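Understanding the architecture of this molecule
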Amino acid sequence: MPEEARPSTGEQARQHALAQLRQAILRGEMAPAQRLVENELAEQFGVTRASVRAALIELESEGLVERIRNRGSRVRVVTVEEAVAITECRMVLEGLCAAKAAVEASDEQLTELSDLGVAMSRAVADGEPMTYSELNHELHARIRQFSGQQVADGLLDRLNGQLVRHRFQLALRPGRPQKSLSEHLAMIESIRARDPQAAESAARLHLAGVIDALRE
């Protein structure tokens, strides 16, 4: 945002700081356990400390930030055990969204899923794990969107934000993209076939594979 257009106080400033911090955490630009110093962030974002503090409180409620007594805030560390528990919840919600997408998605949206599958296959063939990871994330987001299940979509947004570090680690694990690709293509195929039961099963099977990978 240009300097002259950037709000320094009030609700707009809080929203600005919140958006910048959330984006940095979700992109992996801020590492787990990294300290979040209010003065430094206020200067970086051109807002007041109060705006930064309010943003940190909001991010704490989202599970992205934790406040340590007498030590301030830091990017929350999500353990493997927590990541498994979060993914178990995702399994139920993503299965629901896949089943509903198989019924609700338009023909154009089904084509979009197919195109994503082609792009994911190309990324794996070309040995581009981070490109594959981004496409993977986009595919899940599209399925949620096409399902029309807004409550599940909102819940999954909050859950997925806590798994950023683990998502990147899995993407870089040798052989993992190849294995998950077949699971994603099965999800796409069952949704395109407009088979809600198969779509739900494929989504749950994929996330069971994610849990196995997290535990390795």
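Let me sum up the structure you'll find in this document. None of these values were measured; they are calculated from a predicted model.

1. What to know about the state of the cysteines
Tallied over the entire structure, the rule returns 0 disulfides. Sulfur of cysteine 89: no disulfide; nearest cysteine sulfur belongs to cysteine 97 and is 14 Å away. On the accessibility criterion, cysteine 89 (41% relative accessible area) is partly exposed. Classification of cysteine 97 by relative accessible area gives buried; the value is 0%.

2. A few points about the layout of surface pockets
In this structure, the largest pocket spans a volume of roughly 330 Å³. What lines the largest pocket is a set of 15 residues, and nearest its centre among them are Leu26, His137, Asp157, Asn160 and Gly161. Every element with two or more residues in the lining of the largest pocket is listed here: helix H1 (10-26), helix H6 (129-147), helix H7 (150-161) and helix H8 (164-172). Of all the elements, H7 adds the most residues to the lining of the largest pocket, at 4 residues. Considering only enclosed or pocket space, the second largest pocket measures out at about 210 Å³ in volume. Forming the walls of the second largest pocket are 16 residues, and the residues nearest its centre are Ile25, Met30, Pro32, Val164 and Arg165. Counted by class, the lining of the second largest pocket contains 10 nonpolar, 4 polar and 2 charged residues.

3. Digging into the packing of H6 against helix H9 (residues 176-192)
Viewed as axis vectors pointing N to C, H6 and H9 meet at an angle of 25°, and their least axial separation amounts to 12 Å. Comparing their axes, H9 and H6 come out roughly parallel. The way H6 lies across H9 gives a crossing that is left-handed. Contact with H6, carried on its side by Pro129, Tyr132, Asn136, Leu139, His140 and Ile143, involves Pro177, Ser180, Leu181, His184, Met187, Ile188 and Ile191 of H9 and no other residues of that element.

4. Describing the pattern of salt bridges
Summed over the entire model, instances satisfying the criterion amount to 15 salt bridges. Note that glutamate 112 is salt-bridged to arginine 142, the shortest N-O span being 2.6 Å. Of the two residues, glutamate 112 sits in helix H5 (residues 107-125) while arginine 142 sits in helix H6, which places them 30 residues apart along the sequence. Salt-bridge contacts for arginine 142 lead to glutamate 138; the nearest nitrogen and oxygen are separated by 3.6 Å. With arginine 142 and glutamate 138 both in helix H6, this residue pair falls 4 residues apart, about one helical turn.

About the criteria used
Residues numbered from 1 in each chain as written. Predicted model: local features only at pLDDT ≥ 70, side-chain atom pairs only at ≥ 80, totals over all residues. Heavy atoms only, no water. Disulfide = S-S within 2.5 Å. Buried < 20%, exposed > 50% of the residue type's maximum accessible area, 1.4 Å probe, protein only. 1 Å grid on protein atoms, 1.4 Å probe; cavity = no way out; pocket = protein on both sides within 12 Å on 5 of 7 lines; lining within 4 Å. Points joined across faces, edges and corners; volume = space filled by probe spheres on them. Helix = DSSP H or I, 4+ residues; strand = E, 2+ residues; numbered from the N terminus. Nonpolar A, V, L, I, M, F, W, Y, C, P; charged D, E, K, R; others polar. Axes fitted to C-alpha atoms, helices over the stretch in contact; angles between N-to-C directions. Parallel < 35°, antiparallel > 145°, perpendicular 65-115°, else oblique. Left-handed = near helix turned anticlockwise from the far one by under 90°. Contact = heavy atoms within 4.5 Å. Salt bridge = Lys/Arg side-chain N within 4 Å of Asp/Glu carboxyl O.

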